[in-house]
Amino acid sequence: MTVPPTEHATAQPGAIPPPGCPAHIGDGPGGATRLFGPAAETDPMGLYEELRAAHGPVAPVLLDGDVRAWLVLGYLENRDVASRPTQFSRDPRVWHGWRSGEIDAATSPLVPMIGWRPDCVCADGEEHQRLRGAVTAGLGQFDHRGLRRLITRFAHELIDTFCESGEAELVEQFAEHLPMLTLTHLLGMSDEAAPKLVHAARDLFKATETSLASNAYVLECLEQLVAEKHSRPGQDIASALLAHPAGLNDEEVQHHLRLILLAGYETTANLMANVLRMVVTDPRFRGSLAGGQMTLPEAVEQVLWDEPPLMVCPGRWANGDTTLGGQQIKAGDMLLLGLAAGNVDKTIRPTADTPVHHNRAHLSFSAGTHECPGQDIGRIIADAGIDILLTRLPDVALSVPEESLSWRSSTWARHLTALPVEFAPRPPQADDLPAPLPAPPARSGGSPAMAPPPVADATVGGPAPRVSWLTRVRRFLGWG
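Residues numbered from 1 in each chain as written. Predicted model: local features only at pLDDT ≥ 70, side-chain atom pairs only at ≥ 80, totals over all residues. Heavy atoms only, no water.

A. Summary view of the overall build of the protein chain. Scanning the protein chain for helices and strands turns up 18 helices and 13 strands. The buried share among the 480 residues of the protein chain stands at 57%. Long-range pairs, those at least 24 residues apart, make up 73% of the contacts in the protein chain with a sequence separation of at least 6. Only carbon and sulfur atoms are counted for the fraction: they give 55% of the accessible area of the protein chain, which is about 19300 Å². (Helix = DSSP H or I, 4+ residues; strand = E, 2+ residues; numbered from the N terminus. Buried < 20%, exposed > 50% of the residue type's maximum accessible area, 1.4 Å probe, protein only. Contact = heavy atoms within 4.5 Å. Areas by Shrake-Rupley, 256 points an atom, 1.4 Å probe, with all protein chains shown as cover.)

B. Highlighting the packing of helix α6 (residues 125–140) against helix α13 (residues 250–281). Running from amino to carboxyl end, α6 crosses α13 at an angle of 60°, the nearest separation of the two axes being 11 Å. By the angle between their directions, the pair α6 and α13 is classed as oblique. Between α6 and α13 lies a crossing whose hand is right-handed. Between α6 and α13, the contacting residues are Glu127, Arg130, Leu131, Val135 and Leu139 on the first element and Glu252, His256 and Ile260 on the second. Grouping the amino acids of the contact of α6 with α13 by side-chain chemistry returns 4 nonpolar, 1 polar and 3 charged. (Axes fitted to C-alpha atoms, helices over the stretch in contact; angles between N-to-C directions. Parallel < 35°, antiparallel > 145°, perpendicular 65-115°, else oblique. Left-handed = near helix turned anticlockwise from the far one by under 90°. Nonpolar A, V, L, I, M, F, W, Y, C, P; charged D, E, K, R; others polar.)

C. Geometry of the environment of Asn359. Among the secondary structure elements, Asn359 is positioned in the loop between α16 (339–343) and α17 (375–392). A residue is classified by how much of its surface remains accessible, and Asn359, at 28% relative accessible area, is partly exposed. In this structure the C-alpha to C-alpha distance between Asn359 and Glu298, which are 61 residues apart in sequence, comes to 8.4 Å. In this structure Asn359 touches Glu301 and Trp305, once residues within four positions along its chain are discounted.

D. Spotlight on the sheet that holds strand β3 (residues 67–72). The strand order β1-β2-β3-β9-β6-β4 describes an open sheet built from 6 strands, whose pairing is mixed. Two strands lie at the open edges of the sheet, namely β1 (33–34) and β4 (88–89), each paired on one side alone. Relative to strand β6 (residues 312–318), β4 is paired through 2 bridges, and the arrangement is antiparallel. Within β6, the residue paired with Ser89 across the bridge is Trp317. Strands in contact with helix α2 (residues 44–55) are β1, β2 (58–63), β3 and β6; relative to β2, the strand with the most contacts, it is inclined by about 130°. Of the strands in this sheet, β2, β3, β4, β6 and β9 (334–338) touch helix α3 (residues 75–82), which is tilted by about 125° from β9. (Pairing = 2+ DSSP bridges.)

Written as C-alpha cells, this is what we have:
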C-alpha cells in the first residue's frame, strides 16, 4: 500500500497546530491515521471530516496493530467501490497483509471482521450468487405481517419487565434484546440463548482481546444448531439453508447463520437505540412524529442517514493497481467503506440538517451486489418495536441530562451505552395478547413453507411456555 504525501499534516517548525487541525490526524507510521484509540473513540465523525479535509475522499488509515488500509470517505467513491467487484474483491485472501506478516491471524482481534469465511460476504462472482441466493431465500420465507406479529409479542414481553417500575434503561432492556430475540427465533435457535449471544455479539464487534473467544462461542452455538436441524428441521432460516438447492455444506450453513445473526443484530440494535434517543431528546423530531409530518418508518430512514448503525464496513481488497479519489491504490490493498462519512458527503448532501427521511439512497446497508439482503427485516424490527414502545409508554422521557449520555466507539460502530428514561407506571399486558397463528404445513419435498415460524414453538427441542422463557430472561439479566 502506498501512503500519500503528508504535507497536509505537517506543521511549520515551531508552530503548534490548533485542535481540529488536520496536522493532528497523521498520528501513525507514514502519516496514516489510527481508526482506534482515544481520538477515534471520542469523535469518529469529527475524525472523518479531518481526514476528508486532509486527504480528500480516500484517506490512509491504520487498524488495530497499525494494520494499513484505505478509508473511503466520499459518497460516490463508496458506491464506486461497492459496485465494481471485479476491481475491488470481497475475498480477503487477496490482501497482501496475510503474506507480509502484517497481522497475526491466530491472535489479532481484527480476524473476526476481516478474515476469510465460507460465506457470501467473502465471495465474488458465481460463488457469491450461489451462496447469496440461499441466504435471500432463507430470509424471504417470512411473511412481513407474521414477522410483525412475532416482534409484537417479544416487544410486549420485554416492556412488561419494566413498565410497572416507571423507569427503564432502553438500550440494555429493550434495544439490545428485541433484535436478538427475533433473530435467534427466525434462525431456529432457543430463545433462552439470546441473552448470552447479545454479550458475545457486542464483544465481537469491539475488536478486544476477547473477540476471538466470543466469535468461537457464537460458532459453537451455531454448529450445534445445524446438527439439530438435520434431524429436526423446522420453519426457520437454518432449515431453509440446509434444504436449499444450492447445496450448502454444514460449514457454509453455520457461517451464513453467523453472518445473519451478527450483522442483523448489530445494525438493528444500534438503529433502535439511535431512533429512541432522538425521540426522547429532540422535541422537533418527536413533534414531527406526533404531528404526522413524519411516519415512524420515515424517522428510521432519517436516522439511517444521520447515524448509520455500522459506521465503517470491512472490507474490499484491490485486485489490481488503480486510482480512487486521487489516491494510488495498489494490488492487494485493503479498503474500508466509510458508510457514515459517505452519508454526510457535501457532494450529495450540502447541508446536514436538510430532511432526508423520504430517501433510501443512504449507504447504511452498503451498496452494490453485497448490499445487505436482510435490511427490510431490520427495518421491521425497529419500526414495530419502537411503535409498540411509544404506544405503551407515550409519556416516555429522558431521566438524565442529555449531555450525560455517552457512547462507546470501535473502528466499526458507535454504540449508545445507556438511555435512562422515566414514564408513568403501567401494568403488564402481554397476557392479554391474542394467541399466535398456527404454523402452516410444510411444503412437499421437505422444504420449509414461506411463512413465519410459530411463536409458541420457541425452542429447538420443542415448545416451551412463554412465561418460562420470560422468567429465564429476567433472571439472566438480573431484573427479577
